[in-house]
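Results of the structural survey
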Amino acid sequence: MVQEIVIYPDKRLKLISKEVTEFNEELHTLLNDMFDTMLSKKGVGLAAIQIGVPQRVLIINLPEDDSEDAVFNKEETLEIINPIFTSKEGACKHQEGCLSIPGVYEDIERAEHIVLEYQDRYGEKHIIDNHDFLAIALQHEIDHLDGKVFIEKLSFIKRKKFEKEWKKRLK
Ligand code: CO
């Protein structure tokens, strides 16, 4: 079911999400709701807190091409629970956006190569080793689990400009 997205500067986006300990029906419903919500907004990633649930859960679905009608396959959606970076190396800069700050796109610096341990919806452990756009998307979403949004990584001047424009937009 499509849920309402928490929009910046809602205080819930600052919460530190809690580790998932039970891989049950409730978790599966949360994951399914997150997928429906992400799909409805044509997003490529979503953290549980973005629908108001402070749990260490995120999903990512990178389309194979950039076209308008790129297909979003549920089977290809990565469901990531309790992620932990075991390695972060290098640096790169890419344009990022966020469903909680719609319409804003900024170049953000991230690690280039990551290794991540996580669990799937059944609690099985997996590892991702990536240095493509997935690595960037994972860092963006995991920041949400730690109460951070991407615009916090902007320079002071750019952040000020963003806040001013965002206030105008919310009116
Ligand atoms: Co985001």
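Figured I'd write up the structure that's included with this text. Residue numbering note: each chain is counted from 1, following its sequence as written. In view of the model being predicted, local features appear only for residues whose pLDDT reaches at least 70, and side-chain atom pairs are presented and counted only at 80 or more, with totals across whole chains, interfaces and linings using the full set of residues. With hydrogens and water excluded, all non-hydrogen atoms of the structure serve as input to the side-chain values.

Our focus in this paragraph is the nonpolar core. The tendency in soluble globular proteins is for nonpolar side chains to be buried as a group. In this structure, Leu58, Ile60, Ile80, Ile114, Leu116, Ile128 and Leu138 are the most contacted members of the largest nonpolar core, which totals 16 residues. Throughout, a contact is declared for two residues whenever any of their heavy atoms are within 4.5 Å. Beyond its immediate chain neighbours, meaning those up to four positions away, isoleucine 60 contacts Val44, Gly45, Glu76, Thr77, Leu78, Leu134, Ala137, Leu138 and Glu141. Here, the term nonpolar core denotes a set of buried Ala, Val, Leu, Ile, Met, Phe, Trp, Tyr and Cys residues that are joined through side-chain atoms within 4.5 Å. Each residue's exposure class comes from its accessible area (1.4 Å probe, protein chains only) as a fraction of the maximum for that residue type: buried when under 20%, exposed when over 50%, partly exposed otherwise. Counting 15 residues, the second-largest nonpolar core is a separate cluster that includes Ile5, Leu31, Leu46 and Ala48.

To continue, consider the coordination of the cobalt ion. The donor definition counts N, O and S atoms within 2.8 Å of each metal and applies 3.2 Å to Na, K and Ca; water is not among these atoms, so some sites may look incomplete. Within the protein, the cobalt ion binds to Cys98 (SG), His140 (NE2) and His144 (NE2); these donor distances fall in the range 2.1 to 2.2 Å. Going along the chain, you hit the donors of the cobalt ion in the pattern C-x41-H-x3-H. Note that cysteine 98 is positioned in the loop between strand S4 (92-96) and strand S5 (106-110) and histidine 140 in helix H2 (residues 133-145), a separation of 42 residues in sequence. Of the residues examined, cysteine 98 reaches a relative accessible area of 8% and is grouped as buried. The exposure class of histidine 140 is buried, given its relative accessible area of 6%. Secondary structure elements follow DSSP: runs of H or I no shorter than four residues count as helices, runs of E no shorter than two count as strands, and numbering proceeds from the N terminus.

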